[in-house]
Amino acid sequence: MMDNLVKDGSLRQVALRAGLYAVLIIFALYYLMPLFVMIVTSLKSLDDIRTGSLIGLPRELVFDAWGKAWSGACTGVKCEGLQPYFWNSVLIAVPAVMISTVLGAMNGYVISQWRFKGSDFIFALLLFGCFIPFQVILLPMAIVLGKMKIAGSIGGLIFVHVVYGLGFTTLFFRNYYITIPVELVKAAKVDGAGFFRIFWSIFMPLSAPIVVVTVIWQFTQIWNDFLFGVSFSQAGTQPITVALNNIVNSTTGVKEYNVDMAAAIIAALPTLFVYVVAGKYFIRGLTAGSVKG
Amino acid sequence: MSNLILSIENLYKSYGATEVLKDINVSIQRGEFLVLVGPSGCGKSTLLNCIAGLEEVNAGAINIGGRDMVGVAPKDRDIAMVFQSYALYPTMTVGKNITFGMKVRGVDAATQAKKLADVAKLLQIEPLLNRKPGQLSGGQRQRVAMGRALVREPQLFLFDEPLSNLDAKLRVEMRTEIKRLHSNLKASIVYVTHDQIEAMTLATRIVVMKDGIVQQIGTPSEIYNHPANMFVADFMGSPSMNLIPATVEALPTGLAIKIKQENGTLELMDDTKIKGLKMGAKRELLIGLRPENITNPTANSRLVAPCRIEVVEPAGSDTFITTSLGEKPITARLRADTVVSPGAEIDLAFNLASASYFDAGNGERLN
Ligand SMILES: Nc1ncnc2c1ncn2[C@@H]1O[C@H](COP(=O)(O)OP(=O)(O)OP(=O)(O)O)[C@@H](O)[C@H]1O
Ligand SMILES: [Mg+2]
């Protein structure tokens, strides 16, 4: 009797578990499907694409599409592939991520640990900045960039991304630093350390996990941005997202799906890379430096 | 060099509309161990922070070593502080924690190393120098925090409940260690604690605070034997002082005391004088008597009266009993070998020589 009950219970559990896994696997497949189609298509020849099925494996692996996407595909009149735009994006994203992260850390440090009159108000304003839709700032930003004489330049795009990202980076760091006891700053003050000394010697070494979170967030945002890229760039300074759009939209005769797919994957690789590499450090950072000593 | 290390005059501090410190006046001489006690939230930490310059004051003057501290940054006040939570730098090793201040002040590496070695030896933390604070026990952290303060060799140490996170045994050990440090280093110390045994054993003088107001400043014995008001009487000492409602009458022969008892009245005589009580006048008040002043009678006990035992609490070295006087439970402290049982009557001797008399209304001391 007792045994039966236990068995029933465990049987039920196994069934539940199996059902759960089945559902999870179905969802995972559903989400991975587009990626699968993209990779498979990018490795097919045009003939293969035309005659085969969408999800069928390539009859023969062809890597030509990748080469063409990287250095030969046409974006409008020029046919130099994604390569130059990829580097534009790197030139925009790397400084913009670094600057906005450092400034966000400073802001968060001041707002959480050096409270001054009106610091809560300024924090509220910065938070508000997070919720302003992109479209709203396009025109004013264009005017500001014009006045600053950096319209259409890489520097201009860096500026835009830094300004727009500041709200988020400040929020991240403020919420992280608010958990650090104020007595730490007091102890350092008695020890004679000043504002920057305390920041660099005490807060920065504690910040690895939140820096990683911020960098992942900012890099993804900036790398994937299309609207600012298309609005505030000119020929020669366009980021990869804009170039990708141009490649896909400028067809001469037959549509090269394999090149389009390869280009899309190339454009997405860096964010994927950041997740894989930094994600590891993220977990390491979380477990290593415990603040509460 | 003046011997006055710290003087605080008419200090006021508020956070917004809440007044936290009200008209604080305290001064300490070189080598003094001043202990601040008071209930949680009475402003002890705030006062330390004001002394350290970590909080702005609203009014009043703070002088350290004869210098006015208005506008002087914490690092220039020649103080060192041990915080309630220790506040060790979590990413630095123990050694770096201790030398951080010297590094910031540009002390040369050789001196840093020497001082670190000296302090590590004194506090017995040499094997820990390369660990991070997260890898230390509470007592070890406490010593590191102490070490960080000691290498500074300041005029004035500020300790904010440094032992509060420790277990009872370690607390007693560290208490002795601090006492030894104090006498070895001849340091001047302001020390905050909740623990009145800590206060009694460490202090050269005690400041009792309540709601941001200083209630009394005095030596441990003054605080214990002559509490300035009922709050101090009740707060210091464990078990706390008995406060017995009574009627007194000033007679030519002395003070006649009448205390209501279960059946009848307990009458005692004392030779003290009550403030503002004219000859022949009567007054309701409270008599403060510590448990050790209600004891087993001896041959020369003058005031002895029978009382009914309600509760018996043997405590090893003594036996505490509870009886009822003036309709309030009263604790008496008897020899451990006294044979007592609840419900029985026993003769108790009252030692009024160290009795305190308090106004029933405002609680001020009357004798
Ligand atoms: N930053 C602050 N803002 C507003 N009120 C504060 C602040 N710091 C302390 N207070 C208030 O000031 C009062 C005194 O606080 P304080 O920390 O000095 O108490 P304490 O005597 O040290 O207590 P404890 O024994 O619990 O440490 C408390 O009522 C507290 O709520
Ligand atoms: Mg406190």
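Residues numbered from 1 in each chain as written. Chains lettered and ligands numbered in written order. Predicted model: local features only at pLDDT ≥ 70, side-chain atom pairs only at ≥ 80, totals over all residues. Heavy atoms only, no water.

1. Points about the coordination of the magnesium ion (ligand 2)
Working step 1: Around the magnesium ion (ligand 2), the protein contributes the donor atoms Ser45(B) (OG) and Gln84(B) (OE1), which lie 1.9 to 2.7 Å from the metal centre. Taken together, the residues Ser45(B) in helix α1 (residues 44-52) and Gln84(B) in the loop between β6 (79-82) and α2 (94-104) connect sequence positions 39 residues apart. (Donors = N, O, S within 2.8 Å, 3.2 Å for Na, K, Ca; no water. Helix = DSSP H or I, 4+ residues; strand = E, 2+ residues; numbered from the N terminus.)

2. Thoughts on unusual backbone geometry
In most cases, non-glycine residues show a negative phi, while peptide bonds are predominantly trans.
Residues and elements named next belong to chain B.
Working step 1: With an omega dihedral of -5°, the bond running from Ser238 to Pro239 counts as a cis peptide bond.
Working step 2: Topologically, Pro239 is positioned in the loop between α8 (230-235) and β11 (242-251).
Working step 3: We note that Lys186 has phi near 50°; this positive angle belongs to a residue other than glycine.
Working step 4: The residue Lys186 is located in the loop between α5 (168-185) and β8 (188-193) in this model.
Working step 5: For Lys186, a relative accessible area of 61% translates into the label exposed.
Working step 6: Not every positive phi belongs to a glycine, and Glu327 is a case in point at roughly 65°.
Working step 7: Here Glu327 is to be found in the loop between β18 (318-325) and β19 (328-335). (Buried < 20%, exposed > 50% of the residue type's maximum accessible area, 1.4 Å probe, protein only.)

3. Some points on the sheet that holds strand β7 (residues 156-160) of chain B
Residue and element names in this part refer to chain B.
Working step 1: One open sheet accounts for six strands, arranged β6-β7-β8-β3-β9-β10; its pairing is mixed. Of all the strands in the sheet, just β6 and β10 (213-218) have a single pairing partner and so form its edges. Across this sheet, the average inter-strand angle for adjacent strands is 15°, counted without regard to direction.
Working step 2: Sheet topology note: the strand β3 (residues 33-37)/β8 ladder contains five bridges and is parallel. Looking at β8, one finds that Leu36 is bridged to Val192.
Working step 3: Running at roughly 150° to β7, α1 makes contact with β3, β6, β7, β8 and β9 (205-210) of the sheet. (Pairing = 2+ DSSP bridges. Axes fitted to C-alpha atoms, helices over the stretch in contact; angles between N-to-C directions. Contact = heavy atoms within 4.5 Å.)

4. Comments concerning the packing of α2(B) against helix α4 (residues 138-150) of chain B
All names here are of chain B.
Working step 1: For the pair α2 and α4, the least separation of the axes is 8 Å and the interaxial angle reads 25°. For the element pair α2 / α4, the angle class is roughly parallel. Where α2 crosses over α4, the handedness of that crossing is right-handed. Across from Val94, Asn97 and Ile98 in α2, the residues of α4 making contact are Val144, Gly147 and Arg148.
Working step 2: In the contact of α2 with α4, the residues fall into three nonpolar, two polar and one charged. (Parallel < 35°, antiparallel > 145°, perpendicular 65-115°, else oblique. Left-handed = near helix turned anticlockwise from the far one by under 90°. Nonpolar A, V, L, I, M, F, W, Y, C, P; charged D, E, K, R; others polar.)

5. Some thoughts on the packing of helix α3 (residues 109-123) of chain B against α4(B)
All names here are of chain B.
Working step 1: At a minimum axis separation of 10 Å, α3 and α4 run at an interaxial angle of 140°. With respect to their mutual orientation, α3 and α4 come out oblique. Crossing of α3 over α4 shows right-handed handedness. In this structure, α3 contributes Val119, Leu122 and Leu123 to the contact, and α4 contributes Arg143, Met146, Gly147 and Leu150.

6. Regarding the confidence of the model for chain B
Working step 1: Here chain B shows a mean pLDDT of 91. Residues at 70 or above account for 99%.
Working step 2: Prediction confidence for the complex, expressed as pTM and ipTM, is 0.82 and 0.83 respectively. (pLDDT = per-residue confidence, 0-100.)

7. Some details on the interface of chain B and chain A
Working step 1: Opposite the 27 residues of chain B that make contact, chain A presents 18 residues.
Working step 2: Together chain B and chain A conceal approximately 1900 Å² of surface at their shared face, both sides included; 64% is due to carbon and sulfur atoms.
Working step 3: Where chain B meets chain A, there are one salt bridge.
Working step 4: Ionic pairing is found between Lys186(A) and Glu55(B), a salt bridge with its closest N-O pair at 3.9 Å.
Working step 5: The interface formed by chain B and chain A holds six residue pairs in polar contact (both at pLDDT 80 or more) in total.
Working step 6: Mapped by element, the contributors of at least two residues to the side of chain B that touches chain A are β6, α2 and α4 of chain B.
Working step 7: Of the residues in the side of chain B that touches chain A, the class split is 14 nonpolar, six polar and seven charged. (Buried area = accessible area lost by both parts, 1.4 Å probe. Salt bridge = Lys/Arg side-chain N within 4 Å of Asp/Glu carboxyl O. Polar contact = N/O pair within 3.5 Å; in protein donor to acceptor, adjacent residues only side chain to side chain.)

8. Some details on the side chain of Ser356(B)
Residue and element names in this part refer to chain B.
Working step 1: Mapping Ser356 onto the fold places it in strand β21 (residues 356-359).
Working step 2: Polar side-chain contacts of Ser356 include one of 2.9 Å to the side chain of Arg365.
Working step 3: Residue contacts for Ser356: discarding those within four places in its chain leaves Asn225, Pro227, Met241, Leu286, Ile287, Gly288, Arg365 and Asn367.

9. Observations concerning the pattern of salt bridges
Two side chains bearing opposite charge may form a pair once their charged atoms approach each other closely.
All names here are of chain B.
Working step 1: Counting across every chain of the model gives 20 salt bridges over all chains.
Working step 2: Ionic pairing is found between Glu327 and Lys260, a salt bridge with its closest N-O pair at 3.9 Å. Taken as a pair, Glu327 in the loop between β18 and β19 and Lys260 in strand β12 (residues 254-261) lie far apart in primary sequence, 67 residues in all.
Working step 3: With relative accessibility at 63%, the residue Glu327 sits in the exposed group.
Working step 4: A residue is classified by how much of its surface remains accessible, and Lys260, at 52% relative accessible area, is exposed.

10. Quick notes on the pairing of β8(B)
Residues and elements named next belong to chain B.
Working step 1: Across the six residues of β8, six count as buried, placing the element largely inside the fold.
Working step 2: Bridge count between β7 and β8: five bridges; the pairing is parallel. Bridged to Phe157 within β8 is Ile189.
Working step 3: Handedness of the β-α-β unit built from β7, α5 and β8 comes out right-handed. (Right-handed = clockwise from strand over helix to strand, strands pointing away.)

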